[in-house]
There are 2 protein chains.
Amino acid sequence: MGLSDIEPGIRNEDGIAAVIGVLRQRFGEKLQTGEAIRAQHAHTATYIPGQLPDAVVFPGSADEVKLIVRACADHRVPVIPFGTGSSLEGQVNAPSGGISIDMSRMDKVLEVNSEDLDCTVEPGVTREQLNTYLRDTGLFFPIDPGANASIGGMTSTRASGTNAVRYGTMRDNVIAVTAVTASGEEIRTARRARKSSAGYDLTRLFVGAEGTLGVITSVTLKLQGIPQAISGGVCPFPSVEAACNAVIMTIQMGIPVARIELLDALQMKACNAYSKLDNPESPSLFLEFHGTEAGVAEQAALFAEIATECGGGEFLWTTNPEQRSELWKARHNAYWASLQLRPGAKGISTDVCVPISRLAECVVQTQEDIAANGLIAPIVGHAGDGNFHVLILLDPDVSAEVAAAEDFVERLNARALAMDGTCTGEHGIGQGKRPYLALEMGEGVSMMRQIKQALDPMNIMNPGKLFSFES
Amino acid sequence: MGLSDIEPGIRNEDGIAAVIGVLRQRFGEKLQTGEAIRAQHAHTATYIPGQLPDAVVFPGSADEVKLIVRACADHRVPVIPFGTGSSLEGQVNAPSGGISIDMSRMDKVLEVNSEDLDCTVEPGVTREQLNTYLRDTGLFFPIDPGANASIGGMTSTRASGTNAVRYGTMRDNVIAVTAVTASGEEIRTARRARKSSAGYDLTRLFVGAEGTLGVITSVTLKLQGIPQAISGGVCPFPSVEAACNAVIMTIQMGIPVARIELLDALQMKACNAYSKLDNPESPSLFLEFHGTEAGVAEQAALFAEIATECGGGEFLWTTNPEQRSELWKARHNAYWASLQLRPGAKGISTDVCVPISRLAECVVQTQEDIAANGLIAPIVGHAGDGNFHVLILLDPDVSAEVAAAEDFVERLNARALAMDGTCTGEHGIGQGKRPYLALEMGEGVSMMRQIKQALDPMNIMNPGKLFSFES
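Just so it is clear, the model here is predicted, and its values are computed rather than measured.

So, the packing of helix 9 (residues 240-252) of chain A against helix 11 (residues 293-309) of chain A
Residue and element names in this part refer to chain A.
Move 1: Packing of helix 9 against helix 11 brings their axes to within 9 Å, and their N-to-C directions diverge by 140°. Here helix 9 lies oblique to helix 11, going by the angle between them. Considering only the axes of helix 9 and helix 11, their crossing is right-handed. Between helix 9, through A246, M249 and T250, and helix 11, the contact on the second element is made entirely by F303, I306 and E309.

Observations regarding the interface of chain A and chain B
Move 1: Taken together, the contact pairs 77 residues of chain A with 77 residues of chain B.
Move 2: Considering only the side of chain A, the residues that lose the most area to chain B are R191, K195 and Y200 of chain A, jointly responsible for 15% of the buried surface there.
Move 3: The tally of links between chain A and chain B comes to eight salt bridges.
Move 4: One salt bridge in this structure joins D420 of chain B and R192 of chain A, with 3.5 Å as the shortest N-O distance.
Move 5: Viewed at the interface, chain B and chain A are joined by 40 residue pairs in polar contact (both at pLDDT 80 or more).
Move 6: Within the residue set of the side of chain A that touches chain B, elements represented by two or more residues are helix 7 (170-173), strand 9 (186-188), helix 8 (202-206), helix 9, helix 11, helix 17 (434-441) and helix 18 (444-455) of chain A.
Move 7: The element best represented in the side of chain A that touches chain B is helix 18 of chain A, accounting for eight residues.
Move 8: Here the residues of the side of chain A that touches chain B sort into 31 nonpolar, 25 polar and 21 charged.

Examining the pattern of salt bridges
Move 1: Here the structure, examined in full by the defined rule, presents 52 salt bridges over all chains.
Move 2: In this structure, D369 of chain A engages R415 of chain A in a salt bridge whose closest nitrogen and oxygen atoms are separated by 2.9 Å. Here the residue D369 of chain A occupies a position in helix 15 (residues 359-372), and R415 of chain A occupies one in helix 16 (residues 399-418), the gap between them amounting to 46 residues. In this structure, D369 of chain A and R415 of chain A share a single accessibility class: buried.
Move 3: With a closest N to O distance of 2.8 Å, R331 of chain B and E261 of chain B form a salt bridge. Residue R331 of chain B is found in helix 13 (residues 329-332), and its partner E261 of chain B is found in strand 13 (residues 257-263); the two are separated by 70 residues along the sequence.
Move 4: Relative accessible area serves as the criterion here: at 0%, E261 of chain B is assigned to the buried category.
Move 5: Within the structure, one salt-bridge network assembled from shared partners comprises E111, D116, D118, R188 and R192 of chain A together with D420 of chain B.

Remarks on the domain arrangement of chain A
Residue and element names in this part refer to chain A.
Move 1: The domains assigned to chain A are domain 1 (105-225), domain 2 (229-332) and domain 3 (336-429).
Move 2: Inter-centroid distance (C-alpha atoms) of domain 1 to domain 3 is 29 Å.
Move 3: Contact residues are listed per partner, giving nine residues for domain 1 and eight residues for domain 3.
Move 4: Around 540 Å² of area is buried between domain 1 and domain 3 when both sides are counted, 42% of it from carbon and sulfur atoms.
Move 5: For the interface between domain 1 and domain 3, the tally reads zero salt bridges.
Move 6: For the interface between domain 1 and domain 3, the tally reads three residue pairs in polar contact (both at pLDDT 80 or more).

Some words on the sheet that holds strand 10 (residues 214-222) of chain B
All names here are of chain B.
Move 1: One open sheet accounts for five strands, arranged 5-6-10-8-9; its pairing is antiparallel. If you trace the sheet from one side to the other, it starts and ends with strand 5 (109-113) and strand 9 (186-188), each paired once. Geometrically, the sheet is characterised by an average inter-axis angle of 15° between neighbouring strands, direction not taken into account.
Move 2: One ladder, built from four bridges, connects strand 6 (residues 118-121) with strand 10; its direction is antiparallel.

Observations regarding helix 4 (residues 127-134) of chain A
In an α-helix, one turn spans 3.6 residues, which is why side chains three or four residues apart end up on the same side.
All names here are of chain A.
Move 1: Listed in full, the buried residues belonging to helix 4 are R127, L130 and L134. Buried residues of helix 4, seen end-on, are gathered within an arc of 60° and therefore sit on one face of the element.
Move 2: Lining the buried residues of helix 4 we find strand 5 (109-113), strand 6 (118-121), strand 7 (139-140), helix 5 (151-156) and strand 10 (214-222).

Regarding helix 1 (residues 13-27) of chain A
All names here are of chain A.
Move 1: Taking 1.5 Å per residue, 15 residues should reach 21 Å; helix 1 reaches 20 Å between its end C-alpha atoms and fits that length.
Move 2: Of all the positions in helix 1, only G15, I16, V19, I20, L23 and F27 are classed as buried. Take helix 1 and look down its axis: the buried residues cluster within an arc of 130°, on one side only. Along helix 1, the residues that are exposed and aim more than 90 degrees away from the buried face are D14, A17 and Q25.
Move 3: Note on helix 1: the residue one or two positions beyond its end, G28, has a positive phi of about 55°.

Brief notes about the UniProt feature "domain: FAD-binding PCMH-type" (unreviewed entry) in chain A
Move 1: Sequence positions flagged by UniProt for "domain: FAD-binding PCMH-type" (unreviewed entry) are, in local numbering, residues 49-226 of chain A.
Move 2: The span residues 49-226 of chain A is 22% helical and 25% strand by assignment, and the distance between its end C-alpha atoms comes to 41 Å.

Comments concerning the sheet that holds strand 12 (residues 229-236) of chain B
Residues and elements named next belong to chain B.
Move 1: One open sheet accounts for seven strands, arranged 15-12-14-13-17-18-16; its pairing is antiparallel. Here the strands that pair on one side only, and so sit at the sheet edges, are strand 15 (316-318) and strand 16 (346-349). Within the sheet, the average angular offset between the axes of one strand and its neighbour, ignoring direction, is 15°.
Move 2: Here strand 12 pairs with strand 14 (residues 284-291) via eight bridges, running antiparallel. Looking across to strand 14, one finds that I230 is bridged to H290.
Move 3: Contacting strand 13, strand 14 and strand 17 (379-382), helix 10 (residues 265-275) crosses the sheet at an angle of about 90° to strand 13.
Move 4: On top of the sheet, helix 15 (residues 359-372) reaches strand 13, strand 17 and strand 18 (387-394); it is set at about 10° to strand 18, its chief contact.

Considering the nonpolar core
Move 1: If you look at the biggest cluster of nonpolar residues, it comprises 183 residues, and the most contacted ones within it are F303 of chain A together with F303 of chain B.
Move 2: In terms of residue count, the dominant contributor to this core is helix 9 (residues 240-252) of chain B (eight residues).
Move 3: Aside from chain neighbours lying at most four places away, what touches F303 of chain B is C235, F237, A246, T250, I255, I260, L285, L287, F289 and F315 of chain B.

Quick notes on the relation of the copies chain A and chain B
Move 1: Note on the identical chains: chain A maps onto chain B by a rotation of 180° and an axial translation of 0.0 Å, with an RMSD of 0.0 Å. On the angle and the small slide along the axis, the relation comes out as a two-fold axis.
Move 2: Taken together, the interface assignments show that 100% of the residues at the interface of chain A recur at the interface of chain B, consistent with an identical surface on both copies.

So, the packing of aromatic side chains
Move 1: Tallying each qualifying case throughout the model produces twelve aromatic pairs over all chains.
Move 2: Between F140 of chain B and Y167 of chain B, the aromatic rings sit 5.7 Å apart at their centres with planes inclined by 90°, giving edge-to-face as the arrangement. One end of the pair, F140 of chain B, is in strand 7 (residues 139-140); the other, Y167 of chain B, is in helix 6 (residues 164-167), and 27 residues separate them in sequence. Like Y167 of chain B, F140 of chain B is buried.
Move 3: Aromatic side chains F303 of chain B and F315 of chain B sit 4.8 Å apart centroid to centroid with 75° between the ring planes, which places their arrangement in the edge-to-face category. Placement of the pair is F303 of chain B in helix 11 (residues 293-309) and F315 of chain B in the loop between helix 11 and strand 15, with a sequence separation of twelve residues.
Move 4: One aromatic cluster is present, built from ring pairs that chain together F289, F303 and F315 of chain A.
Move 5: In this structure, R105 of chain B packs its charged tip against the face of F58 of chain B, placed 4.5 Å from the ring centre.

Some points on the pairing of strand 5 of chain A
Residues and elements named next belong to chain A.
Move 1: The pairing of strand 5 with strand 6 spans four bridges and is classified as antiparallel. Paired with V109 across the two strands is V121, which belongs to strand 6.
Move 2: Between the antiparallel neighbours strand 5 and strand 6 lie four residues, among them L117 with a positive phi of about 50°.

Conventions adopted
- Numbering of residues begins from 1 in every chain and follows the order in which that chain's sequence is written.
- To read the labels, note that chains go from A and ligands from 1, taken in the order they are written.
- Whole-chain, interface and lining totals are the exception, using all residues; otherwise, since this is a predicted model, local features are given only for residues with pLDDT of at least 70 and side-chain atom pairs are given and counted only at 80 or more.
- Heavy atoms throughout the structure, all of them, feed into the side-chain values; hydrogens and water do not.
- Axes here refer to lines fitted to C-alpha atoms; in helices the fit is confined to the stretch in contact. Angles between the N-to-C directions go from 0 to 180 degrees.
- Think of it this way: any DSSP run of H or I at least four residues long counts as a helix, any run of E at least two long counts as a strand, and we number them from the N terminus.
- Every angle not falling under 35 degrees, over 145, or within 65 to 115 is termed oblique; those three ranges are roughly parallel, roughly antiparallel and roughly perpendicular.
- Definitions for this section: a left-handed crossing has its near helix turned counterclockwise from the far helix by less than a right angle. A right-handed crossing has that turn clockwise.
- By the convention used here, residues are in contact when the closest approach between their heavy atoms is within 4.5 Å.
- The buried area of a pairing is the accessible area, by a 1.4 Å probe, that goes missing from both parts when the two are put together, added over both.
- Each salt bridge in this description consists of a side-chain nitrogen of Lys or Arg and a carboxyl oxygen of Asp or Glu lying within 4 Å of one another.
- N or O atoms within 3.5 Å of each other form a polar contact, as long as, within protein, one can give a hydrogen and the other can take it, and as long as residues adjacent in sequence are counted only when both atoms are side-chain atoms.
- Residues are grouped as follows: Ala, Val, Leu, Ile, Met, Phe, Trp, Tyr, Cys and Pro are nonpolar; Asp, Glu, Lys and Arg are charged; every other residue, Gly included, is polar.
- Type-normalised accessible area, obtained with a 1.4 Å probe on protein chains alone, sets the label of each residue: buried when under 20%, exposed when over 50%, and partly exposed for intermediate values.
- Domain extents, as shown, originate in an automatic or database domain assignment.
- Any two strands are treated as partners once DSSP identifies two or more bridges connecting them.
- Here the arc refers to the set of directions running from the helix axis out to each C-beta atom.
- For a helix, the expected span equals 1.5 Å multiplied by the number of residues minus one.
- UniProt positions are given in the numbering used here, feature names are shortened, and annotations may be inferred rather than shown by experiment.
- Only buried residues count toward a nonpolar core, which is a set of Ala, Val, Leu, Ile, Met, Phe, Trp, Tyr and Cys residues joined through side-chain atoms within 4.5 Å.
- Least squares is used to superpose the copies, and the fit set is the C-alpha atoms of residues whose pLDDT is at least 70 in both copies.
- Only rings of Phe, Tyr and Trp enter the pairing, Trp through its six-membered ring, and a pair is recorded when the two centres are within 6.5 Å. The plane angle decides the type: under 30 degrees is stacked, over 60 is edge-to-face, the rest tilted.
- Throughout this description, the term charge over a ring refers to an Arg CZ or Lys NZ atom that lies within 6 Å of the ring centre and within 35 degrees of the ring normal.

Encoded structure:
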């Protein structure tokens, strides 16, 4: 399958009309069918063409979600949960039409248990909202995908970001969810205890299910204490390999880096141009350390030794917040800087993740591939996890460019799989990566389909995501 | 259901005879049907009566496991995976008879990727064997349930132990498994990358499934670097509450304790008697810190301040390995010391886990309950996780004692659930906790059953565990 031919499902026109009738009576103005709002709720964040839902409904409670799901179940109409629409693989598209459930009005922080370092939020709360809410508690929620995504959406795509190397991904930070299943029942996947051996791990089943098993109605999250001290810095390296070797040594020595990000030379060049910086235009690592004053200084000193040993340049670091922001400016602006490498172009972001021992090899081969095919494609990596993104800049109206990008993505994913890696470290499968899920998981996909079939026999929960429609 | 009336299933006599015939031809002496060996493979570690399998088979490879499972599937005969038999809730019992698959001959460490801090082992490798194997690599595997359990068994019960507070449980430390499913296919649940968003989290589905979804044939594990320095110590407190408050403050301040164990006054008294020690006979915390020389000293000093603030006595600690073992002696011998409180008695171990803010309250109420009912029952807790074990010492032949213990366990589990806790932090459900799973998970159990039904429609994989036989 190519990037541009997202397979459509079959529309149940009568059912859709009936559900819209039922929901309009119940929800009034909280049900919208105008094209503009439906288009906003179809996928627009990348190259994947939007497929509009037939209506968008804005529930305010789990009971309203139940009512919506039951109406859809009665009429066999697709249910597409929607957070902020920042997913990258078509997760919010409606290939068979149906009802988009916009969770943005379920945006309450339900409880914060600061003694237990946890909180429970409605799914529409965004990560920035949550951290603003927590400001006076001494706690924070660490997971930071690029966008200000909703907690429900982050849970559903098993999101991570720059500090997963220290704090883990959503898999590690969700304690429990409540969710409305395909039959319209609400279940809770776990209690608030920190660990449990009570049966199948339903929490982890919902984390990453991309809305295909139910609609998440609340999420209980681990929180972290705000560190006493934070230090951050940047270090240039003569090659991607040298930088990756420094990452491997850092991880192996058990230095608890909070962030360790790789930018390749092209990305550094783009950042210098965009943010008027004069960083060396060579592969660079951006680091952050969390701990006590003494601890972060010790960590930075240890990393500086490693960097020198790996042939790196000077490691500039600081605990001063303003100076730290300045040192990190290139990393913070990387995405916008990339787009300026080719103004007007659209970006396709890849998302492979490999064992870190293979990271250098994977990035180097990928850069060679980019060069050999004349692509404009800077690289940013969550190096400590072995995860990196190539942003391919292309004109989606030029079919040769699209074909070249598709072929490149196919080779990149095959390369990562051959290195025992995954096609997606954090973006999820959605529509765009379905063919790669089968390549990656083999017979495991059959097991996933069996679970889906058992829990959603009518295939109304976000159909056409993870799996194609036919068996 | 009481502790003593484990519900039996229906035996498929013809199928069992047929499978034994088929397997004997293929496995020869590696199939055993003598009563002594069958009894060894039925559950014996606690009060739960043993239910013998009809035969025990010792496969040497995943292909042999496939062959066994296919033979059992052909004849609808139960398959009971067996590691070392150290589980505590009847997980290896054979209530409908069937074939016990003893994994002890699949005991090879298949690969160690030291650069990636991971390894892949066959399921019969025990945790001590693995750490012995790793001795020269600078790495170790941290999860330490009391017994020298097998990695396959630890995966299947989602085991943890004393240092889960720092390194997590099996949930957090298994990267992938291969498993033979109920239809005799082998699947692999994930690649070796540190994170992935590729579909449903099949790895976490097998972690804790207690052999009800398939037979694990290999496990890929995270490893940790052996810390540069380890410090350990012990601190007495005037009350359980004071000790728990110190735990809460320690966790809240983000001190990365490797271990923080609570022993109540009765347990300390038992340990003094058993190991001829003169520790204060009051509730005590045993701690261990992992890090750099400076880091572990800093952590110990911070904890000492907290202990003082909470009314604790002197915190004795050291980085000297022999002195550390001496300080920790009471904790290490706690189980054997407990049994000496009532020589000849059998122990029933409970396993509740609550949010740590509720730990003091839960332990205090439980001690009051113990006293009010005249039980002999010391308490040891993985306090940093909110998990504690009450070891009830009883004479299993005195029905009044058994009934009193059953009632106590019921009240304890209800107390933990009312505090948003779980009936099992690390031992699993097996047969013994099935009624509590339903109380804890509510409608979630229906979802678990749907998954079980979809993946094992004939209910041949370890039947009668997690769920009772009838729907």
